[in-house]
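# Remarks on the overall topology
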Amino acid sequence: MDTVTEKLQTQFPEAIVAIYEFRGDTTVTVKPEQLVAVCQFLRDDPETSFKYLSAVSGVDYYPASPRFAAVYHLYSHQYKKRFALKAFCANDEVPVLPSVVPVWSTADWHEREAYDLVGIKFSGHPDLRRILTPPECEGYYPLRKDYPQEGY
Amino acid sequence: MNSAELAPSTETMLLNLGPQHPSTHGVLRVWLELDGEVIVNADPDIGYLHRGIEKMCENRTYHQCLPLTDRLDYLAGTANNFGFVLAVEKLLGVEVPKRAQYIRVLLAELTRISSHLFWLGTHGHDLGAMTPLFFAFREREELMDLFEMVWGGRLFPCYLRIGGLAADLPEGFVEKAWDFVKKFPERIKDYHNLLTKNRIWIARTKDVGVLTKEEALDWGWSGPMARGSGVDWDIRRDTPYSSYQDFDFKIPLGTNGDTYDRYLVRMEEMVQSNLICRQVLEKMPSGDINVNDPTVILPPKEKVYNTIEGLINHFLLIEKGITPPKGEIYQAIEAPKGELGFYIISDGSPHPFRVKVRGPSFVNLSPTKVLAKGRLLSDLIALIGTMDIVLADVDR
């Protein structure tokens, strides 16, 4: 197990839901309530130093439940290391996650994109609007699995 | 002095820049609130070129996704293919032979030069310098001829394959590539002569669009944008892929984090890319170009026609496609414009469950409102130029 995961386990023992390793990538699933605290810790702790958020991916795991998740791809320039955090939305009908814009400014557009395409609402986001599709598309989230792939 | 303090206070005016405007590099619309010529608020409105590539991937086999990635950053098609095939290969757990890795690096670096030449020409043109466009496109045209030899087209390569390449390099390519590599350093001097000490150029680019090192990381800048601010980070050097560790190259860094520094960084990057091309051509190993795995790569035609195993392999790959194991991976490469990442979730079927494209242009564009605030309208044009955005990569 890598050092970041160990560090998280000692620091946030009750926040970790699952640890997943595949082909050298580590993904740690955390509880949404603890997400911002975990992100803040990973950014500021000198032994992890994840100053950089590469991307936020919204995922729809339909038909599984919990259905919606956001994956945060982090990078540490100091340790040349990648790491992924995942948080599942508690509610399948109205998926909500806390915004990490206070931690990384770049999350602004990434979260807007996840909201636009997957429909995850980020509470605390300063300006949560659709970004790629037109504003009148209210209620349509193209990257959801129940949105038809062609011929709509 | 801040230009906002100089301007008289009047009622603000709303102005649309784009989506149809030559300096927005495609279909970018910037919603501007202006106080005279000073920008009070700039809000980029993107999505005019959203084609739903991520959604389309979910309905296709991995091989069928490959031509879609050509259309992300269309000025650097091979870089997009490169990122995608590396991601799928990581998912599959295969590594292509050394020769294929070297050829990929060669084409990726030539693509970087071609992409930077396009940036140089258009950026100069946006700021009123006509000649760099003609000079840069002169060399770009030679690169396009080289590319045409390899994949038969100019913009959309689709030459890399999951597990290797579509074909080996054509006859005569190496000689022509050597010609280009040898004469290119001389050509770069031409561009420097035109711009580097040009007073108008310096006045338009110095202290425009400044982000400090910390701010650049906070806003997710990568590639030449981050290096212009002094972030010593290059994915090719720090987390090498495809044999980049075999080559020596320097990472140019800026100090002020302004448009002029990013100009110098990109100019030096072209020199370094050319150096990598030279090393690849010198060290090019011989051997296979495809992995020896019938579940990944199509069998050669003589096997398909003459053996039953070859025929079955061919049909399985064409009809069903490759089936990576269940899992999720993130793979990033150093594309000409910054970090290009692919996050792929596989559910074990021949179709990806989810493909997320982390396009560098999308992220590089995001701090526009911070950078443009309080600046003159004409600085915004310099900003859009220095971000080197391709709207197909922003909107996907």
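A short tour of the structure in this document, coming up. Counting restarts for each chain: residues are numbered from 1 in the order of the written sequence. Numbering of ligands from 1 and lettering of chains from A proceed in the order in which they are written. This being a predicted model, a pLDDT of at least 70 is required before a residue's local features are given, and a value of 80 or more before pairs of side-chain atoms are given or counted; all residues contribute to the totals for chains, interfaces and linings. No hydrogens and no water enter the side-chain calculation; it runs on all heavy atoms of the structure.

Okay, the pairing of strand S3 (residues 52-60) of chain A next. The two faces of the sheet receive side chains in turn, since in a regular strand these alternate between them. Residues and elements named next belong to chain A. Residue exposure (1.4 Å probe, protein chains only): buried if accessible area is under 20% of the type maximum, exposed if over 50%, otherwise partly exposed. Helix and strand definitions here come from DSSP, where helices need a minimum of 4 consecutive H or I residues and strands a minimum of 2 consecutive E residues; each element is numbered from the N-terminal end. Of all 9 residues in S3, 9 are buried, a share of seventy percent or more. Where S3 lies against strand S4 (residues 68-76), 8 bridges are found, and the strand directions are antiparallel. Bridging from a neighbouring strand, Leu53 pairs with Leu74 of S4. Two strands pair if DSSP finds at least two bridges between them.

What follows is about the interface of chain B and chain A. Counting residues at the interface gives 46 residues for chain B and 43 residues for chain A. Interface area for chain B against chain A, summed over the two sides, is near 3900 Å², with a carbon-plus-sulfur share of 54%. The term buried area denotes the loss of accessible surface (1.4 Å probe radius) that occurs when two parts are joined, taken as the sum for both partners. If you sort the residues of chain B by the area they bury against chain A, Lys55, Glu328 and Phe353 of chain B come out on top, with a joint share of 16%. Put simply, a salt bridge is a Lys or Arg side-chain nitrogen that is within 4 Å of an Asp or Glu carboxyl oxygen. Where chain B meets chain A, there are 9 salt bridges. One salt bridge in this structure joins Arg82 of chain A and Glu339 of chain B, with 3.5 Å as the shortest N-O distance. What qualifies as a polar contact is a pair of N or O atoms within 3.5 Å, subject to a donor-acceptor requirement within protein and to the restriction that residues adjacent in sequence count only when both atoms come from side chains. The tally of links between chain B and chain A comes to 28 residue pairs in polar contact (both at pLDDT 80 or more). Residue contacts are defined here by distance: any two heavy atoms, one from each residue, within 4.5 Å place the two residues in contact.

Residue and element names in this part refer to chain B. Taken together, the 3 strands give an open sheet; going across it, the order is S6-S7-S8, and neighbouring strands pair in antiparallel fashion. Of all strands in the sheet, those with a lone pairing partner are strand S6 (327-335) and strand S8 (352-358), marking the two edges. Strand-to-strand twist across the sheet, computed as the mean angle between neighbouring axes with direction ignored, equals 15 degrees. Relative to S8, strand S7 (residues 338-346) runs antiparallel, the two being bridged by 6 bridges. Of the residues in S8, the one forming a bridge with Gly341 is Arg358. Here helix H3 (residues 62-70) sits on the sheet and contacts S7 and S8; the angle it forms with S7, its principal contact strand, is near 155 degrees. Throughout, an axis means a line fitted to C-alpha atoms (over the contacting stretch in the case of helices), and angles, computed between N-to-C directions, take values from 0 to 180 degrees.

Next up on the list: the nonpolar core. Definition of nonpolar core: a set of buried residues of the types Ala, Val, Leu, Ile, Met, Phe, Trp, Tyr and Cys, connected through side-chain atoms within 4.5 Å. Formed by 166 residues in total, the largest nonpolar core has its most connected members in Leu8, Leu42, Tyr72 and Leu85 of chain A. Top element by residues in this core is helix H5 (residues 98-126) of chain B. It accounts for 12 residues. Sequence-distant contacts of Leu8 of chain A, defined by excluding residues within four places in its chain, comprise Pro13, Ile16, Val28, Val38, Phe41, Leu42, Phe83 and Leu85 of chain A.

Here S8 of chain B lies mainly inside the structure; 7 of its 7 residues are buried. Hairpin connection between S7 of chain B and S8 of chain B: a loop of 5 residues separates the two successive antiparallel strands, and Gly348 of chain B in this loop has a positive phi of roughly 90 degrees.

Let's shift gears to the packing of aromatic side chains. Residue and element names in this part refer to chain B. In summary, the pairing rule links any two rings of Phe, Tyr or Trp, Trp by its six-membered ring, whose centres are within 6.5 Å, and it sorts them by plane angle into stacked for under 30 degrees, edge-to-face for over 60 and tilted for everything else. Under the counting rule described, the total for this entry stands at 21 aromatic pairs over all chains. Ring geometry for Phe84 against Phe342: centres 5.6 Å apart, planes inclined by 70 degrees, an arrangement best described as edge-to-face. Placement of Phe84 in helix H4 (residues 77-92) and of Phe342 in strand S7 is noted, with a sequence separation of 258 residues between them. Taken as a pair, Phe84 and Phe342 share a single burial class, namely buried. Look at Tyr241 and Tyr244: their rings are 5.1 Å apart centre to centre, the planes differ by 75 degrees, and that puts the pair in the edge-to-face class. A residue is classified by how much of its surface remains accessible, and Tyr244, at 1% relative accessible area, is buried. It is Arg396 that lies over the ring of Phe362; its NZ or CZ is 4.8 Å from the centre. For a Lys NZ or an Arg CZ to count as sitting over a ring, it must be within 6 Å of the ring centre and within 35 degrees of the ring normal.

Glancing now at the sheet that holds strand S2 (residues 25-30) of chain A. Residue and element names in this part refer to chain A. The 5 strands lie next to each other as S1-S2-S5-S4-S3, forming an open sheet whose pairing is mixed. Each end of this open sheet is capped by a strand with a single partner; those strands are strand S1 (16-22) and S3. Neighbouring strand axes in the sheet, compared pairwise and without regard to direction, differ in orientation by 20 degrees on average. Across the sheet, helix H1 (residues 3-11) touches S1, S2 and strand S5 (81-88), and the angle it forms with S5 is around 45 degrees. The strands touched by helix H3 (residues 107-117) are S3 and S4; relative to S3, the strand with the most contacts, the crossing angle is about 10 degrees.

In this section: unusual backbone geometry. With an omega of 5 degrees, the peptide bond between Tyr62 of chain A and Pro63 of chain A qualifies as cis. Mapped onto the fold, Pro63 of chain A is located in the loop between S3 and S4. Note that the residue after Ser65 of chain A, namely Pro66 of chain A, is joined by a cis bond; omega there is 0 degrees. Unusually for a residue other than glycine, Ser243 of chain B sits at a positive phi of about 65 degrees. Its place among the elements puts Ser243 of chain B in the loop between helix H11 (235-238) and helix H12 (259-283). One non-glycine residue, Asp388 of chain B, lies in the positive phi region at around 55 degrees. Mapped onto the secondary structure, Asp388 of chain B falls in the loop between helix H17 (377-387) and helix H18 (391-395). Of the residues examined, Asp388 of chain B reaches a relative accessible area of 3% and is grouped as buried.

Residues and elements named next belong to chain B. Under the defined criterion, the tally for this structure stands at 40 salt bridges over all chains. Between Arg237 and Asp232 there is a salt bridge; the shortest N-O distance is 3.2 Å. Look at Arg237 and you get partly exposed, because its relative accessible area is 34%. For Asp232, a relative accessible area of 42% corresponds to the partly exposed category. Between Asp379 and Arg375 there is a salt bridge, with its nearest N and O atoms 3.1 Å apart. Taking relative accessible area as the criterion, Asp379 reaches 10% and is therefore assigned buried. Salt bridges linked by common partners bring Glu109, Arg112, Arg227, Asp234, Arg236, Glu269 and Glu334 together as one network.

Time to look at H1 of chain A. All names here are of chain A. Residues of H1 that are buried include every one of Val4, Thr5 and Leu8, and no others. Taken around the axis of H1, the buried residues stretch over an arc of 100 degrees, which confines them to a single face. Residues of H1 that are exposed and angled more than 90 degrees away from the buried face: Thr3 and Thr10. Those residues of H1 that are buried are in contact with S1, S2, helix H2 (35-44) and S5. Taken from the helix axis, the directions to the C-beta atoms give the arc we talk about.

Cysteine sulfurs are considered disulfide-paired once they come within 2.5 Å of each other. Per the counting criterion, the structure on display carries 0 disulfides over all chains. A disulfide-free cysteine, Cys158 of chain B has its sulfur positioned 11 Å from the sulfur of Cys65 of chain B, the nearest such atom.

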